[in-house]
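Report on the structure
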Amino acid sequence: MDRFKLVFCNILIASIVFGGLYWIWKTGENERAIKIEAVNRNDRYVKGLITKMFYYKGRSIRVKYTVDNKEYENSGGWSKNPNNVHEGDSIWLRYAIEDPNLFITELENDY
């Protein structure tokens, strides 16, 4: 009986952990799809300045850009770097007109 409880407890804990990881992954995927759809629906191009690049844990980038005399600085991911850009370099990005916080840089596959 004790062995059954131990196995059941381990299965329950593993299910909670893997279920949580799946939920986090699915939520991130849905948010990314919403961002891409908003940008593709109605977008504009602008040059931004790379303020920070992270090469680990999913490769992310911080970009500062100006839209209608208002400055934005947001984070995004990057998939490729064909022009070998680094911090301090300028980069093209597309942003959603209705929400300039949503953007896709030229380093992403969806650009």
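Here goes a summary of the coordinates provided. (Residues numbered from 1 in each chain as written. Predicted model: local features only at pLDDT ≥ 70, side-chain atom pairs only at ≥ 80, totals over all residues. Heavy atoms only, no water.)

Concerning the sheet that holds strand β1 (residues 43-54)
With antiparallel pairing, five strands are arranged side by side in an open sheet as β3-β2-β1-β4-β5. With one partner strand each, in any of the chains shown, β3 (70-77) and β5 (103-105) form the two edges of the open sheet. On average, each strand axis in the sheet is tilted by 35° relative to the strand beside it, whichever way the strands run. In this structure, β1 lies alongside strand β4 (residues 90-96), joined through seven bridges in antiparallel fashion. If you follow arginine 44 over to β4, its bridge partner there is tyrosine 95. (Pairing = 2+ DSSP bridges. Helix = DSSP H or I, 4+ residues; strand = E, 2+ residues; numbered from the N terminus. Axes fitted to C-alpha atoms, helices over the stretch in contact; angles between N-to-C directions.)

Some words on helix α1 (residues 2-41)
With 40 residues, α1 should cover 58 Å at 1.5 Å per step; its first-to-last C-alpha distance of 58 Å lies within 8% of that length. The complete set of buried residues in α1 reads Lys35, Ile36, Ala38 and Val39. Contacts made by the buried residues of α1 are with β1, β4 and β5. (Expected span 1.5 Å × (residues − 1). Buried < 20%, exposed > 50% of the residue type's maximum accessible area, 1.4 Å probe, protein only. Contact = heavy atoms within 4.5 Å.)

What to know about the pattern of salt bridges
Taken as a whole and judged by the stated rule, the model has seven salt bridges. Here lysine 26 ties to glutamate 29 by a salt bridge, and the two come within 3.2 Å at their closest N and O atoms. With lysine 26 and glutamate 29 both in helix α1 and three residues apart, this pair spans about one turn of that helix. Residue lysine 26 is classed as partly exposed on the basis of its relative accessible area, which comes to 30%. One connected set of salt bridges, linked through shared partners, spans Arg32, Lys35 and Glu108. (Salt bridge = Lys/Arg side-chain N within 4 Å of Asp/Glu carboxyl O.)

What about a nonpolar patch on the surface?
Taken together, the side chains of Ile13, Val17, Phe18, Leu21, Trp23 and Ile24 define a hydrophobic patch exposed on the protein surface, amounting to about 690 Å² of accessible area. Along the chain, the position of isoleucine 13 falls in helix α1. (Patch = residues over 30% accessible without salt bridge, like charges linked within 9 Å, V, L, I, M, F, W, Y side chains within 5 Å. Areas by Shrake-Rupley, 256 points an atom, 1.4 Å probe, with all protein chains shown as cover.)

Regarding the environment of tyrosine 55
Its location among the elements puts tyrosine 55 in the loop between β1 and β2 (60-67). With 23 residues separating them along the chain, tyrosine 55 and tryptophan 78 place their C-alpha atoms 9.4 Å apart. Excluding residues within four positions of it along the chain, tyrosine 55 makes contact with Trp78, Val85 and His86. In terms of polar contacts, tyrosine 55 uses its side chain to reach the side chain of histidine 86, at 3.3 Å. (Polar contact = N/O pair within 3.5 Å; in protein donor to acceptor, adjacent residues only side chain to side chain.)

Side note on the nonpolar core
With 15 residues, the main nonpolar core has Ile61, Val63, Tyr65, Leu93 and Leu107 as its most contacted residues. Among the secondary structure elements, those contributing two or more residues to this core are β1, β2 and β4. At four residues, β2 tops the list of elements feeding residues into this core. What leucine 107 contacts, discounting residues up to four positions off in sequence, is Met53, Ile61, Trp78, Ser79, Lys80, Asn81, Pro82, Val85 and Ile91. (Core = buried A, V, L, I, M, F, W, Y, C linked by side-chain atoms within 4.5 Å.)

Worth remembering: the numbers are spatial, not functional.
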